[in-house]
Amino acid sequence: MSKLNLSIFLGFAISSSPFGMANAAGDAQRGETLYQGRCAACHSIDYNGVGPAHKGVFNRKAGMQTGYAYSPAVQASTVIWNEASLDKWLTNPEKFIPGQKMGFMVPLAKDRADLIAYLKKETSGK
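Peer 1: Pulling in residues and values, what's your account of the packing of aromatic side chains?
Peer 2: Within this structure, the stated rule accounts for four aromatic pairs. Taking the centre distance of 5.4 Å and the plane angle of 70° together, the rings of tryptophan 81 and tryptophan 89 count as edge-to-face. For tryptophan 81, a relative accessible area of 8% puts it in the buried group. Seen from their ring centres, tryptophan 81 and phenylalanine 96 are 6.4 Å apart, and the 40° between their planes marks the pair as tilted. Of this pair, tryptophan 81 sits in the loop between helix H4 (72-76) and helix H5 (83-91) while phenylalanine 96 sits in helix H6 (residues 93-96); the two residues are 15 residues apart in sequence, bridging distant segments of the chain.

This is the structure:
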């Protein structure tokens, strides 16, 4: 099989598989389940708790949610929340912003993508 034919075959196989490009952006419905099971003990979309509220999180500078007491490290950061920065944060918050106070990581890329898709869906326009 030539390289071109192999590329076309692999592109089709990946895009038509359940793990292909359609799911690369994340599954918001699965993300909601993950959020309720892993995040809701500390976070809410609409109100601050142990962690800050997530409403309006996309394109917001880290440490700027009104009424939440952030660590000095997060307040001093220059991070703007988007898909890429949230992925890095959820992978390892302490590595991403040393001195932060969230003691939880999401090691699986699929779980992070699904959580981010849910946050994007739920917080857009809020």
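On we go.
Peer 1: I'd love a proper account of unusual backbone geometry, names of residues and values included.
Peer 2: A positive phi is found at asparagine 59, a non-glycine position, where the angle reads about 70°. Its location among the elements puts asparagine 59 in the loop between helix H3 (28-39) and H4. By relative accessible area, which is 64% here, asparagine 59 ends up exposed.

Peer 1: Describe the packing of H3 against helix H7 (residues 109-123), and please don't skip the residues or the numbers.
Peer 2: The interhelical angle for the contact between H3 and H7, taken along N-to-C directions, is 100°, at an axis separation of 7 Å. Between H3 and H7, the interaxial angle falls into the category roughly perpendicular. Facing H3, whose interface residues are Ala28, Arg30, Gly31, Glu32, Leu34, Tyr35, Gln36, Arg38 and Cys39, H7 presents Lys110, Asp111, Asp114, Leu115, Ala117, Tyr118, Leu119 and Lys121. Of the residues that constitute the contact of H3 with H7, the class distribution is eight nonpolar, two polar and seven charged.

Peer 1: Could you give an account of the pattern of salt bridges, naming the residues involved and the relevant values?
Peer 2: A full pass over the atoms with the stated rule returns seven salt bridges. Arginine 30 is paired through a salt bridge with aspartate 111; the nearest N and O atoms lie 2.7 Å apart. Placement of the pair is arginine 30 in helix H3 and aspartate 111 in helix H7, with a sequence separation of 81 residues. In this structure aspartate 111 comes out as buried when scored by relative accessible area, which is 3%. Of the charged contacts, one joins glutamate 122 and lysine 121 as a salt bridge, the two residues approaching to 3.9 Å between their closest N and O atoms. Given the relative accessible area of 24%, glutamate 122 is considered partly exposed. For lysine 121, a relative accessible area of 53% puts it in the exposed group. Bridged by salt links that share partners, the residues Arg30, Arg38, Lys110, Asp111 and Asp114 form one connected network.

What counts and how
Residues numbered from 1 in each chain as written. Predicted model: local features only at pLDDT ≥ 70, side-chain atom pairs only at ≥ 80, totals over all residues. Heavy atoms only, no water. Phe/Tyr/Trp six-rings, centres within 6.5 Å; stacked < 30°, edge-to-face > 60°. Buried < 20%, exposed > 50% of the residue type's maximum accessible area, 1.4 Å probe, protein only. Helix = DSSP H or I, 4+ residues; strand = E, 2+ residues; numbered from the N terminus. Axes fitted to C-alpha atoms, helices over the stretch in contact; angles between N-to-C directions. Parallel < 35°, antiparallel > 145°, perpendicular 65-115°, else oblique. Contact = heavy atoms within 4.5 Å. Nonpolar A, V, L, I, M, F, W, Y, C, P; charged D, E, K, R; others polar. Salt bridge = Lys/Arg side-chain N within 4 Å of Asp/Glu carboxyl O.

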